[in-house]
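Take a look at the letters that make up each chain.
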Amino acid sequence: MAVRLVDRDRAMLGGAQGEAARLAMEIVVAMAESVGAERLVDIASGHIDGALYHGKVSLDFAERLVAGGGRVRVPTTLNVGSLDLLHPGLYRGDEDTARAGRRLMELYAEMGCRPTWTCAPYQKDARPAFGEHVAWAESNAIVFANSVLGARTDRYGDFIDICAAITGRAPYAGLHLDENRRGEILFRVSGLPGRLLGADVLYPVLGHLVGLESGTLVPVIDGLPAGTSEDRLKALSAAAASSGSVGLFHAVGVTPEAPTLEAALQGAEAVRTIEVTMERIARARDSLSTATEGDLDAVSVGTPHFSVSEFEQLVGQLDGARVADGVAFYVSTGRSVLAEAESRGWIEVCERAGVTIVADTCTYVTPILRSDARVVMTNSGKWAYYAPGNLDVQVVFGSLAECVRSAVEGKVWRDPEVWADG
Amino acid sequence: MAEVRALVPGAASGPALVLSAPLSFWGGVDPTDGRIIDRRHPQAGERVTGIVLVMPSGRGSSSSSSVLAETIRAGTGPVAIVLAEPDGILALGALVASKLYGTTVPVVVVVDDRTYRSITKGDEIEIRGGDRPEVRRQP
């Protein structure tokens, strides 16, 4: 089926805007054909994941675009790169990869993308409006933009992200369309204890469960407290997009397309309903850990990147204590949040406590942890999901408070209260 | 012989490697040798190099586009991919590799479920391009 193009699409395909725009439009059109889109749609912004180095192909593609005069046509933010450009000494990998990773980051900046280097651009750098079409990459950012902000992006990734930003166009398909945003699988959480619903640690676990159970269906969560914070929705988004292929969820009374259950389901019946019992959530929690006790080598938080309010929480929980010798404590964040946390004096407090700040990148996509680190604790469902495979470490999932106290004591500490039933 | 939908058109042939579960190339395939490194995957340890990769669908991270393209660049990738469900992420990786390196790895969807399930490991698969793309199988 041929995609219906407008004159400026055809002009771009003909090379009227240069070689890079021609190649980018060819790729956008080919993708549109492959997903069965009838036409393209204008996008208001882009978020690019392609600046993380995956091999020579990453550089070859970006070099080709830059050589062809590639410039983004819409405001575009950048996801994490392979290096922390602010603290380059943290990188423990080989020199060639570092050089290639740095060059790739420069190429994307040369194309006019903003060097935000964060997987959570929605915290400070870019907040698409409700109903706005955008082309975002990075799975957690996609879910957050769709679900929490009510913007519309399909699940874009490497290559197509920059092609959409250069052309200002994306295939009108997938989550851009009303009918594909209808809630289909219902998770009822009202049976969970109120105290757990009010605890940060529930949200990555719930996201993990939702990802595992949803398949390709759009999940609806019913029973979350009104006003559930963006930090919690961020953790849920990231976990759901790691264990599953979730690109959008609705939370009744919390997210903008779900003022009511009926609205979230667009008046239809749910295909399936899952009662989220304590037993079920405990099983999901346990599947996030590959170790449960013992000496700790490191803690990693900030996946997705730490927010200003999470820094405030961490500073409160450190409460003057110091991380034990032999334990590395990493907080990953973006530059904009870092600047604000710095201006409030929190970075100095963190560093005095023995905490290492990582910017521009993340500890699970690039070698930052010591290669002999064996047991690592995290409060992130996403980190817990990917790190054992990427880094060959054992992971212990817990709350931020459990992470902090474990780091201070040098061994895994569990709060028996958090998951108590009733 | 089965009619297929070509996500990335082209012709190729080779022995089938049939995966019983979807595979994420990112975190799942080592592009330096084409080996399946996702320890949770049922076919972990097999190599995707030089074969027709047959699997139900893609999975997981969109960085799989890059890793598939990197295997094609490095010559460690499959010669074709046969899917039961369309997958834009894999199609994109193959498309970009063909634009950059001129190596076409067709990505096709076998619409008919019975045909898809009849393919077994080692079958010689031929994918034909053109206006009416086909998948032919010789056990």
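Computed from a prediction, not measured in an experiment: that's the story for all the values here.

All names here are of chain A. Taken as a whole, helix 16 (residues 400-409) has its buried residues at L400, E402, C403, V404, S406 and A407. Each element contacted by the buried residues of helix 16 is listed here: strand 10 (298-306), helix 12 (308-318), strand 11 (328-333) and strand 13 (375-378). A positive phi of about 85° marks G410, the residue just after helix 16.

What follows concerns the pattern of salt bridges. All names here are of chain A. What the rule picks out here adds up to 40 salt bridges over all chains. With its nearest N and O atoms 2.8 Å apart, the salt bridge here joins R405 to E409. Note that R405 and E409 are positioned in helix 16 at a spacing of 4 residues, about one turn of the helix.

It is worth spelling out empty space enclosed by the protein at this point. Take a probe with the size of a water molecule and roll it over the atoms, and the empty space left behind shows itself. Across all of its chains, the model carries 6 cavities of 30 Å³ or more by this definition. As a volume, the largest cavity reaches approximately 320 Å³. Lining the largest cavity are 28 residues, with D49(A), E138(A), S139(A), K382(A) and S61(B) positioned closest to its centre. Elements represented by at least two residues in the lining of the largest cavity include exactly helix 5 (139-147), strand 10 and helix 15 (381-391) of chain A.

All names here are of chain B. Both faces of strand 6 (residues 80-83) are covered, namely the face carrying A80 and V82 and the face carrying I81 and L83. Strand direction decides the pairing type here: strand 5 (residues 52-55) and strand 6, joined by 4 bridges, are parallel. Note that in strand 6 the partner of L53 across the bridge is I81. One crossover worth recording links strand 5 to the parallel strand 6 by way of helix 1 (residues 64-74), and it is right-handed. Sheet topology note: the strand 6/strand 7 (residues 107-110) ladder contains 3 bridges and is parallel. Among the inter-strand pairings, L83 is bridged to a residue of strand 7, identified as V109. Each parallel crossover has a hand, and the one from strand 6 via helix 2 (residues 88-101) to strand 7 is right-handed.

Below, the discussion takes up the packing of helix 8 (residues 202-214) of chain A against helix 9 (residues 230-243) of chain A. Residues and elements named next belong to chain A. Viewed as axis vectors pointing N to C, helix 8 and helix 9 meet at an angle of 30°, and their least axial separation amounts to 7 Å. Seen along the crossing, helix 8 lies across helix 9 with a hand that is right-handed. Facing helix 8, whose interface residues are Y203, P204, L206, G207, H208, V210, G211 and L212, helix 9 presents R232, A235, L236, A239, A240 and S243. Of the residues in the contact of helix 8 with helix 9, the class split is 9 nonpolar, 4 polar and 1 charged.

Take the nonpolar core next. Counting 143 residues, the largest nonpolar core has F61(A), Y108(A), I162(A), I281(A) and F25(B) as the members making the most contacts within it. When residues in this core are grouped by element, the largest group, 11 residues, is from helix 2 (residues 19-34) of chain A. Setting aside residues up to four positions removed in sequence, I281(A) forms contacts with L192(A), L196(A), L202(A), V205(A), L206(A), L209(A), V276(A) and W419(A).

This paragraph deals with the interface of chain A and chain B. Tallying the contact residues gives 30 residues for chain A and 25 residues for chain B. With both sides pooled, the region where chain A packs onto chain B buries about 2300 Å², and carbon together with sulfur makes up 57% of that total. Considering only the surface of chain A that becomes buried against chain B, S34(A), H54(A) and V57(A) emerge as the three largest contributors, covering 23% of it. Taken together, chain A and chain B are joined by 2 salt bridges. Of the charged contacts in the structure, one is a salt bridge between D392(A) and R39(B), with a shortest N-O distance of 3.9 Å. Linking chain A with chain B are 10 residue pairs in polar contact (both at pLDDT 80 or more), by the criterion used here. Secondary structure elements with two or more residues in the side of chain A that touches chain B: helix 2, helix 3 (56-67) and helix 15 of chain A.

For the rest of this paragraph, the subject is the packing of helix 12 of chain A against helix 16 of chain A. Residues and elements named next belong to chain A. One way to put it is that helix 12 packs onto helix 16 with a least axis distance of 10 Å and a crossing angle of 45°. The angle between the axes of helix 12 and helix 16 places the two elements in the oblique class. At the point where helix 12 passes helix 16, the crossing takes the right-handed sense. Each of Q313, L314, Q317 and L318 in helix 12 lies in contact with helix 16, whose residues at this interface are L400, A401 and V404. Its residues assigned to classes, the contact of helix 12 with helix 16 comprises 5 nonpolar, 2 polar and no charged.

All names here are of chain A. Split into domains, chain A comes out as domain 1 (7-177), domain 2 (182-286) and domain 3 (298-409). Here domain 1 and domain 3 have C-alpha centroids that lie 27 Å from each other. Residue-level contacts link 26 residues of domain 1 with 25 residues of domain 3. In total, domain 1 and domain 3 occlude about 1900 Å² of area from one another, counting both sides; carbon and sulfur atoms represent 56% of this. Of all residues in domain 1, L90, R92 and K124 give up the largest surface area on contact with domain 3, accounting jointly for 27% of the area buried on that side. For the pair domain 1 and domain 3, the number of links is 2 salt bridges. Note that E138 and K382 form a salt bridge whose closest N and O atoms lie 2.7 Å from each other. Counted by class, the side of domain 1 that touches domain 3 contains 12 nonpolar, 9 polar and 5 charged residues.

A few words on the sheet that holds strand 2 (residues 46-48) of chain A. Pairing in this open sheet of 3 strands is parallel, and the strands run 3-2-4 (chain A) from one edge to the other. Of all strands in the sheet, those with a lone pairing partner are strand 3 (76-78) and strand 4 (135-136) of chain A, marking the two edges.

Overall, the coordinates contain 6 aromatic pairs over all chains when judged by the stated rule. Each ring, one from Y122(A) and one from F144(A), has its centre 3.7 Å from the other, and the planes form 10°; the classification is stacked. With a gap of 22 residues between them, Y122(A) in the loop between helix 4 (95-110) and strand 4 and F144(A) in helix 5 connect regions that are remote in the sequence. On the basis of an interplanar angle of 90° and a centroid distance of 5.1 Å, the ring pair of Y385(A) and Y386(A) is categorised as edge-to-face. In textbook terms, an aromatic cluster arises when at least three aromatic residues are bridged by ring pairs, as seen for Y364(A), Y385(A), Y386(A) and W26(B). The ring of Y385(A) has R40(B) sitting right over it, with the charged end atom 4.8 Å from the ring centre.

Residues and elements named next belong to chain A. Taken in spatial order, the 4 strands make up an open sheet running 8-7-6-9, and their pairing is parallel. Because the sheet does not close on itself, it has two edges, and the strands there are strand 8 (250-251) and strand 9 (272-275). Pairing of strand 7 (residues 219-222) with strand 8, which is carried by 2 bridges, proceeds in the parallel orientation. Bridged to V220 within strand 8 is H250.

Conventions adopted
- Residues numbered from 1 in each chain as written.
- Chains lettered and ligands numbered in written order.
- Predicted model: local features only at pLDDT ≥ 70, side-chain atom pairs only at ≥ 80, totals over all residues.
- Heavy atoms only, no water.
- Buried < 20%, exposed > 50% of the residue type's maximum accessible area, 1.4 Å probe, protein only.
- Helix = DSSP H or I, 4+ residues; strand = E, 2+ residues; numbered from the N terminus.
- Contact = heavy atoms within 4.5 Å.
- Salt bridge = Lys/Arg side-chain N within 4 Å of Asp/Glu carboxyl O.
- 1 Å grid on protein atoms, 1.4 Å probe; cavity = no way out; pocket = protein on both sides within 12 Å on 5 of 7 lines; lining within 4 Å.
- Points joined across faces, edges and corners; volume = space filled by probe spheres on them.
- Pairing = 2+ DSSP bridges.
- Right-handed = clockwise from strand over helix to strand, strands pointing away.
- Axes fitted to C-alpha atoms, helices over the stretch in contact; angles between N-to-C directions.
- Left-handed = near helix turned anticlockwise from the far one by under 90°.
- Nonpolar A, V, L, I, M, F, W, Y, C, P; charged D, E, K, R; others polar.
- Core = buried A, V, L, I, M, F, W, Y, C linked by side-chain atoms within 4.5 Å.
- Buried area = accessible area lost by both parts, 1.4 Å probe.
- Polar contact = N/O pair within 3.5 Å; in protein donor to acceptor, adjacent residues only side chain to side chain.
- Parallel < 35°, antiparallel > 145°, perpendicular 65-115°, else oblique.
- Domains from an automatic or database assignment.
- Phe/Tyr/Trp six-rings, centres within 6.5 Å; stacked < 30°, edge-to-face > 60°.
- Lys NZ or Arg CZ within 6 Å of the ring centre and 35° of its normal.

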